[in-house]
Amino acid sequence: MKNCIIIGGSGFLGMNLSKALSDAGHIVTIADIAPPVEKSKFKNVKFQKISYFDSNTLKDLLEGQNILYHFAYSSLPGTSYEKMEEDIAQNVAYSISLFKAAVKSKVEKIIFPSSGGTVYGETTMLPIKETAETNPICSYGITKLMIEKYLYMFNKLFGIDYLIYRISNAYGPGQNSNGQQGLIANVLGKLIRSQKISIYGDGDTIRDYVYIDDVTRAFVEGIDDRLKNDIFNIGTGEGYSINEIINNCSNIVGKKPDVEYLPKRDIDVRLNILDSTKIKSLIDWNPNTDICEGIKKAYEWVKRNLK
Ligand SMILES: NC(=O)c1ccc[n+]([C@@H]2O[C@H](COP(=O)([O-])OP(=O)(O)OC[C@H]3O[C@@H](n4cnc5c(N)ncnc54)[C@H](O)[C@@H]3O)[C@@H](O)[C@H]2O)c1
């Protein structure tokens, strides 16, 4: 049993992880600027309303914590180029302060969700292995890579363990259908509300969609000592185009989609499918949720939580 703190734990990934960790018997603290939507459902989960930008609070916050999940982020792949300086000033600089505080508080391991969808950039070798070149074409991908490098440096200089997961496109219950991120939740929300679906490009962009329970299982397993001081892809190895996802969602909701195709954005890579054989060779993890089953569960959640 470990004391686990999730910075940014009220969001999509954090909320699902806090439940999975508490179900597994760990003691969980969520530290976030906003309360978790479904907090009342979880056992052994404490909530602290805190911004990790406030360095004065970090020492007390991290005292006695074994595992630090750093999930807070202020930028998104699609919009990070608008405020690149802020992306670095906030996400990179404050992550460094957080890691310094973690060293002082003797946290055992920092677990960081990097971005399998953006750190590699354009690539022709599919599925993408962790050894592929990293040439992000959006600021978000660059700041994620910078933080990866700082985690490596903190381990070398101060001995604190880290684990980096380069996650593909997570989807499922808990994802906001009004957000700027998460194609599946967004399309489901638009279909239910009979609204127009706006897509950048012709809908042929291929992504690797990984179901949230598969992702959270990997994060719970991340406590395991076999997974440390390394980088692992977390994806399914299968790709679907945006048009295929829209059709799938439309069949599940039972409504015809009204799709508007906008000009392609230069910050979106055309193809992204991850090879996750590296983590599978170390632990018993498999992203085995079928995409239709996953979309059905996401649909049930979005229907119940429409805003
Ligand atoms: N969702 C995905 O598919 C995906 C894929 C790869 C990587 N990631 C990364 O995983 C992490 C979590 O993603 P998510 O989808 O749950 O995002 P999310 O936006 O749902 O959650 C982020 C949480 O961070 C909190 N937060 C923001 N600034 C904060 C601050 N200063 N102090 C404390 N809390 C703060 C927000 O209130 C929010 O609850 C992010 O770092 C994201 O970049 C997500």
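Quick look at the structure, then. (Residues numbered from 1 in each chain as written. Predicted model: local features only at pLDDT ≥ 70, side-chain atom pairs only at ≥ 80, totals over all residues. Heavy atoms only, no water.)

**Some words on the nonpolar core**
Move 1: One finds Leu21, Tyr69, Tyr165, Ile184, Leu188 and Phe219 to be the most contacted residues of the largest nonpolar core, which totals 54 residues.
Move 2: Core analysis: the next-biggest nonpolar cluster, separate from the first, contains 25 residues, Tyr52, Leu58, Leu61 and Ala102 among them. (Core = buried A, V, L, I, M, F, W, Y, C linked by side-chain atoms within 4.5 Å. Buried < 20%, exposed > 50% of the residue type's maximum accessible area, 1.4 Å probe, protein only.)

**A short note on the site of the ligand**
Move 1: As a matter of local geometry, the ligand sits amid 22 residues, with Phe12, Leu13, Asp32, Tyr140 and Lys144 nearest to it.
Move 2: Contacts to the ligand include Gly11, whose backbone N or O atom sits 3.1 Å from an oxygen atom.
Move 3: Between the ligand and the protein, one listed contact pairs an oxygen atom with a side-chain N or O atom of Asp32 at 2.6 Å.
Move 4: Look at the ligand: alone it shows 830 Å² of surface, and the protein chains cover 85% of it.
Move 5: Looking at the shell around the ligand, the elements that each hand over two or more residues are helix H1 (12-23), strand E5 (109-115), helix H4 (139-158) and strand E7 (169-171).
Move 6: Its residues placed into classes, the shell around the ligand shows 13 nonpolar, 7 polar and 2 charged. (Near = heavy atom within 4 Å. Polar contact = N/O pair within 3.5 Å; in protein donor to acceptor, adjacent residues only side chain to side chain. Areas by Shrake-Rupley, 256 points an atom, 1.4 Å probe, with all protein chains shown as cover. Helix = DSSP H or I, 4+ residues; strand = E, 2+ residues; numbered from the N terminus. Nonpolar A, V, L, I, M, F, W, Y, C, P; charged D, E, K, R; others polar.)

**Quick notes on helix H9 (residues 291-304)**
Move 1: Spanning 14 residues, H9 covers 20 Å between terminal C-alpha atoms, matching the ideal 20 Å at 1.5 Å per step.
Move 2: Looking only at H9, the buried set comprises Ile291, Gly294, Ile295, Ala298, Tyr299, Trp301 and Val302.
Move 3: On the buried face of H9, the contacting elements are E7, helix H5 (183-192), strand E10 (209-211), strand E12 (240-241) and helix H7 (242-253).
Move 4: Where H9 begins, one side-chain oxygen reaches toward the backbone nitrogen of Cys292, 3.1 Å away; that side chain belongs to Asp290. (Expected span 1.5 Å × (residues − 1). Contact = heavy atoms within 4.5 Å.)

**Focus on the environment of Arg270**
Move 1: Checked against the element boundaries, Arg270 lands in the loop between strand E13 (259-262) and helix H8 (277-280).
Move 2: Judged by relative accessible area, Arg270 falls into the exposed class, the value being 51%.
Move 3: The spacing of Arg270 and Phe47 is 223 residues in sequence and 39 Å in space, taken between C-alpha atoms.
Move 4: Contact partners of Arg270, with chain neighbours within four places excluded, come to Glu122, Thr205, Ile206 and Arg207.

**Side note on unusual backbone geometry**
Move 1: A cis amide bond, omega -10 degrees, links Leu126 with the succeeding residue Pro127.
Move 2: Tracing the sequence through the fold places Pro127 in the loop between E5 and H4.
Move 3: The phi dihedral of Ser194 is positive, around 55 degrees, even though this residue is not glycine.
Move 4: Here Ser194 is to be found in the loop between H5 and strand E8 (197-200).
Move 5: Classification of Ser194 by relative accessible area gives exposed; the value is 58%.

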